[in-house]
2 protein chains.
Amino acid sequence: MQRLDALTSLKRTFRRGEYLYRCGESFRALYAIRTGFFKTQVLHEDGREQVTGFQMPGEIIGLDAICSDAHTCDAVALDDSEICEIPFDRLEELSRDLPGLQRHLHRIMSREIVRDQGIMMLLGSMRAEERLAAFLLNLSQRFSARGYSPNAFHLRMTRQEIGSYLGLKLETVSRTFSHFQEHGLLSVKVREVEIMDLLRLRSFVGST
Amino acid sequence: MQRLDALTSLKRTFRRGEYLYRCGESFRALYAIRTGFFKTQVLHEDGREQVTGFQMPGEIIGLDAICSDAHTCDAVALDDSEICEIPFDRLEELSRDLPGLQRHLHRIMSREIVRDQGIMMLLGSMRAEERLAAFLLNLSQRFSARGYSPNAFHLRMTRQEIGSYLGLKLETVSRTFSHFQEHGLLSVKVREVEIMDLLRLRSFVGST
DNA sequence: AAATGCGTTTGATATAGGTCAAAAACCATG
DNA sequence: CATGGTTTTTGACCTATATCAAACGCATTT
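Because the structure is predicted, anything quoted here is derived from the model rather than measured. (Residues numbered from 1 in each chain as written. Chains lettered and ligands numbered in written order. Predicted model: local features only at pLDDT ≥ 70, side-chain atom pairs only at ≥ 80, totals over all residues. Heavy atoms only, no water.)

*Asks:* Just give me the short version of the overall build of chain A, but keep the residues and values in it.
*Replies:* When helices and strands are tallied, chain A shows seven helices and eleven strands. Here the C-alpha atoms of chain A give a radius of gyration of 18 Å, agreeing with the 17 Å that 2.2 N^0.38 yields for 208 residues. Taking the principal axes of its C-alpha atoms as reference, chain A extends roughly 55 × 40 × 30 Å. Partitioning the contacts of chain A with sequence separation of at least 6, the portion at a separation of at least 24 is 71%. Of the roughly 9,400 Å² of accessible surface on chain A, a fraction of 49% belongs to carbon and sulfur atoms. (Helix = DSSP H or I, 4+ residues; strand = E, 2+ residues; numbered from the N terminus. Rg over C-alpha atoms; globule rule 2.2 N^0.38 Å. Contact = heavy atoms within 4.5 Å. Areas by Shrake-Rupley, 256 points an atom, 1.4 Å probe, with all protein chains shown as cover.)

*Asks:* How would you summarise the relation of the copies chain A and chain B if you had to cite specific residues and measurements?
*Replies:* Screw-axis analysis of chain A against chain B gives a translation of 0.0 Å along the axis, an RMSD of 0.0 Å, and a rotation angle of 180°. The two molecules are tied by a two-fold rotation axis, judged by turn and shift. For chain A, the smallest separation between a C-alpha atom and the rotation axis is recorded for Arg 96 of chain A, amounting to 2.2 Å. Looking at chain A, 96% of its interface residues are interface residues in chain B too, so the copies touch through the same face. (Least-squares fit on C-alpha atoms with pLDDT ≥ 70 in both.)

*Asks:* How would you summarise the confidence of the model for chain A if you had to cite specific residues and measurements?
*Replies:* Confidence along chain A averages 94 in pLDDT terms, with 98% of residues attaining 70 or more. Least confident of the elements in chain A is helix α1 (residues 2-7) of chain A, whose mean pLDDT is 78; most confident is helix α5 (residues 159-166) of chain A, at 98. (pLDDT = per-residue confidence, 0-100.)

*Asks:* Residue-level account of the sheet that holds strand β9 (residues 152-154) of chain A, with values.
*Replies:* Residues and elements named next belong to chain A. The antiparallel open sheet is built from three strands, whose spatial order is β9-β11-β10. Because the sheet does not close on itself, it has two edges, and the strands there are β9 and β10 (186-189). Neighbour-to-neighbour, the strand axes of this sheet turn through a mean angle of 10°, independent of strand direction. Relative to strand β11 (residues 192-195), β10 is paired through four bridges, and the arrangement is antiparallel. Residue Val 188 lies in a different strand from β11, and its bridge partner there is Val 193. Along the sheet, helix α6 (residues 170-182) makes contact with β10 and β11, crossing β10 at roughly 135°. (Pairing = 2+ DSSP bridges. Axes fitted to C-alpha atoms, helices over the stretch in contact; angles between N-to-C directions.)

*Asks:* Now, about the packing of aromatic side chains: what can you tell me, with residues and values included?
*Replies:* Residues and elements named next belong to chain A. The final tally for this structure, using the stated rule, is 18 aromatic pairs over all chains. A connected cluster of aromatic rings, assembled from ring pairs, spans Phe 54, Phe 135 and Tyr 165. Note that Arg 22 overlies the ring of Tyr 19, its terminal NZ or CZ placed 3.6 Å from the centroid. (Phe/Tyr/Trp six-rings, centres within 6.5 Å; stacked < 30°, edge-to-face > 60°. Lys NZ or Arg CZ within 6 Å of the ring centre and 35° of its normal.)

*Asks:* Please set out the pattern of salt bridges residue by residue, giving values where relevant.
*Replies:* Residue and element names in this part refer to chain A. A complete count under the given rule lists 30 salt bridges over all chains for this structure. Across the salt bridge formed by Glu 112 and Arg 115, the nearest N and O atoms sit 3.0 Å from each other. Pair noted here: Glu 112 and Arg 115 are both in helix α3 (residues 99-125), with a separation of three residues, about one helical turn. When its relative accessible area of 19% is taken as the criterion, Glu 112 is described as buried. (Salt bridge = Lys/Arg side-chain N within 4 Å of Asp/Glu carboxyl O. Buried < 20%, exposed > 50% of the residue type's maximum accessible area, 1.4 Å probe, protein only.)

*Asks:* I'd like a description of unusual backbone geometry, backed by residues and values.
*Replies:* The phi angle at Asp 69 of chain A is positive, at roughly 60°, despite the residue not being glycine. Here Asp 69 of chain A lies in the loop between β6 (60-61) and β7 (74-77). Judged by its relative accessible area of 34%, Asp 69 of chain A falls in the partly exposed class. With phi around 55°, Val 190 of chain B is a residue other than glycine that occupies positive phi space. Within the secondary structure, Val 190 of chain B is located in the loop between β10 (186-189) and β11 (192-195). By relative accessible area, which is 58% here, Val 190 of chain B ends up exposed.

Structure (structure tokens):
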């Protein structure tokens with residue numbers, strides 16, 4: 001356990017807008033978010049961007065870099081944040097001695113794969129309203145798991161970033177928020193969201 | 001190395017249309033494809049399906065099940081196939097003794113995450129022609145890596161399955177094939193594809 | 001307090017891709 | 001080789017979302 005503590009001893013802080021890593025940089029460590037908020041994005045050479053995820057405290061980023069020893073996306077702080085660096089070779093070493101840690105690591109990687117499957121489902125076969133509803137419910141659930149209200153929260157990302165993540169244009173995101181508001185599902189004031197009717201919002205997605 | 005051989009000794013065959021596993025089934029093993037062709041899909045309760053991938057020999061499926069000890073998607077043979085079962089607990093055990101194997105497993109999981117990022121990019125920010133071009137180029141590259149022609153191959157999946165994977169309707173897939181053919185990029189006769197102008201097809205992805 | 005600047009909202013219009021429908025091609029089976 | 005079922009193609013039309021454009025809100029600077 002001391003060794004595990006030693007593994008996670010290096011902490012770093014980031015201001016809003018700063019990059020934790022950039023696509024192409026060589027891979028050394030995974031990062032556990034302690035506080036704050038990040039996004040990960042892939043950039044196409046023609047300038048198009050695809051936001052691949054929003055990460056909150058307790059989540060691990062950098063897993064994509066293992067396969068090629070280089071990061072395949074950017075990670076950007078959306079809020080002042082603190083992360084904890086986990087050197088990957090030492091993590092592998094330690095997980096050889098600690099089956100519980102090994103299993104944990106595998107679970108984390110697998111969970112990321114399942115998360116991605118969910119996004120494929122979202123992007124591949126949902127309509128705009130379903131996408132936004134699924135997105136909000138996902139945030140709600142994650143805030144809730146961290147002890148915050150599942151019904152009222154502050155969005156750390158712009159409409160454009162939400163749109164990129166959901167495969168929609170920012171105007172469509174904005175309009176869909178307005179629709180939801182008109183129908184009494186939620187109240188939204190720029191970045192502040194309050195979900196009024198969680199059940200009905202859920203029924204939009206079909207499941208969850 | 002004997003232990004590694006022992007690990008991969010259980011083989012099974014599947015006829016076209018048979019399920020390797022189904023969503024919800026409990027997780028015991030990963031599967032390495034020896035011969036044949038599979039698809040993985042997630043089903044929404046309202047009947048919508050999302051194909052999450054097409055797998056060929058040498059590829060590993062089942063990684064999604066690690067995190068919850070249950071499969072989160074279906075895997076269906078698209079061709080008569082042979083797979084090799086890899087009991088996961090024994091794989092973990094062995095990878096504690098063999099750092100090379102451990103690293104290999106991590107790379108495979110990470111590669112899957114990167115693959116999924118690519119699909120998000122595709123679904124989130126490409127148009128129909130780009131999606132289909134990217135799909136064909138991906139198949140081409142994978143056939144090529146297996147010693148088959150990169151220019152001529154047989155599609156194992158239906159237009160509907162391609163469409164589901166690419167977030168398009170089957171009619172759109174069909175029409176886009178026709179467009180490509182009209183422009184001399186490829187020749188397609190139902191399931192037989194021959195790429196005539198690989199460079200120009202490539203220039204589709206990442207332009208416009 | 002005015003000016004600047006980004007992010008957001010809203011409206012008008014355009015279009016890529018979806019939907020519906022029918023015909024054609026293909027494939028498995030008796 | 002005739003049959004019936006599936007898959008594919010193609011056409012006509014429609015709609016969800018994109019695009020373009022303008023105004024607005026809010027925060028920061030001057």
